[in-house]
Amino acid sequence: MSYKVIVDSCGELTEEMKASGNFETASLTMEVGGVRIMDDVSFDQADFLRRIAECPESPKSSCPSPEDYMEKYRCEAERVYAVTLTAELSGSYNSAVLAKNLYIEEYGEKNIHVFNSRSASIGETLIAMKVQECEETGMTFEQVVDTVERYIDGQHTYFVLENLDTLRKNGRLTGIKSLVAGALNIKPVMAATPEGTICQIGQARGIKKALAKMADQIAEETQEAEEKILAISNCNCRERAREVERMLLAKMKVKASFIIDTAGISSMYANDGGIIVVV
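Note that the structure is predicted; figures quoted are calculated from it, not measured.

### With respect to the nonpolar core
Judged by nonpolar contacts, the single largest core of 25 residues is most densely connected at M214, V244, I275 and V277. For this core, the secondary-structure elements that each account for two or more residues are β8 (157-160), β9 (186-192), α9 (207-221), β11 (229-234), α10 (238-251) and β13 (275-278). The element contributing the most residues to this core is α9, with six residues. For V244, the residues in contact, after removing those within four places along its chain, are L211, M214, I232, I275 and V277.

### Observations concerning the sheet that holds strand β3 (residues 29-32)
On the basis of which strands lie adjacent, the open sheet formed by three strands has the order β4-β3-β5 and antiparallel pairing. Edge positions in the sheet fall to β4 (35-38) and β5 (60-62), since each has one partner strand and no second. Ignoring which end each strand starts from, the neighbouring axes of this sheet average 25 degrees apart. Taken together, the three bridges between β3 and β5 define a ladder with antiparallel strand orientation. Directly across from T29, in β5, lies its bridge partner S62. Each of β3 and β4 touches helix α2 (residues 45-54); the most contacted strand, β3, lies at about 45 degrees to it.

Cut-offs applied
- Residues numbered from 1 in each chain as written.
- Predicted model: local features only at pLDDT ≥ 70, side-chain atom pairs only at ≥ 80, totals over all residues.
- Heavy atoms only, no water.
- Core = buried A, V, L, I, M, F, W, Y, C linked by side-chain atoms within 4.5 Å.
- Buried < 20%, exposed > 50% of the residue type's maximum accessible area, 1.4 Å probe, protein only.
- Helix = DSSP H or I, 4+ residues; strand = E, 2+ residues; numbered from the N terminus.
- Contact = heavy atoms within 4.5 Å.
- Pairing = 2+ DSSP bridges.
- Axes fitted to C-alpha atoms, helices over the stretch in contact; angles between N-to-C directions.

Spelled out as structure tokens, the structure:
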């Protein structure tokens, strides 16, 4: 059976995934200071981050339209899966689901399933990789969907950022909390809730202590680590990501681990120096 996995552009595709021919990106767009930026091959991360830092207003994001998703569903692949940014932060999931319903209404039945990652960035990557793993073991469409949904239930996302400005501008944190954290150099350790919202699970003075605290939390909370893949996304701080990987591998044994450099719109949340860990 042929298959295709569509990942919205908040997710990251590895070079191996791009080369396989089984993965495709659905581009989000951002409006920053009146400038519309498409998260595609033309995306300029440095310019994007500069615009966000200079703009006093919150960036406005636009998810891929139902028409965008429908066009990607129209392919020769017999099975199509979409993996989206958490529905709590974006309309991408709802757009992909609407596109599925419209596609079936117009073209007839097809095996299409949309996964709400309840995560972002590298979390979407791992889900897409899980789909690939299931497909290549010969599972039925229903088995793939069930296995990957259970995988999402057991996935955990953690992150530490250099600053909280973008989250504050987007209303994810109060202005007072962001100001105090910046003034005292306190770095919150953040995580995704099971529903896909953002919560704070700890804090520390300075980025190094915050990353160490995050590593301790991950090692403590991760069950059956030897069966899991550890994935780390970074925004312009690969050596910092390597150090986090070293800390975690010293604390727990995992099936595999890898690091990827954030390249697209997920840079908005990670910002320079940000680290996202999913296991």
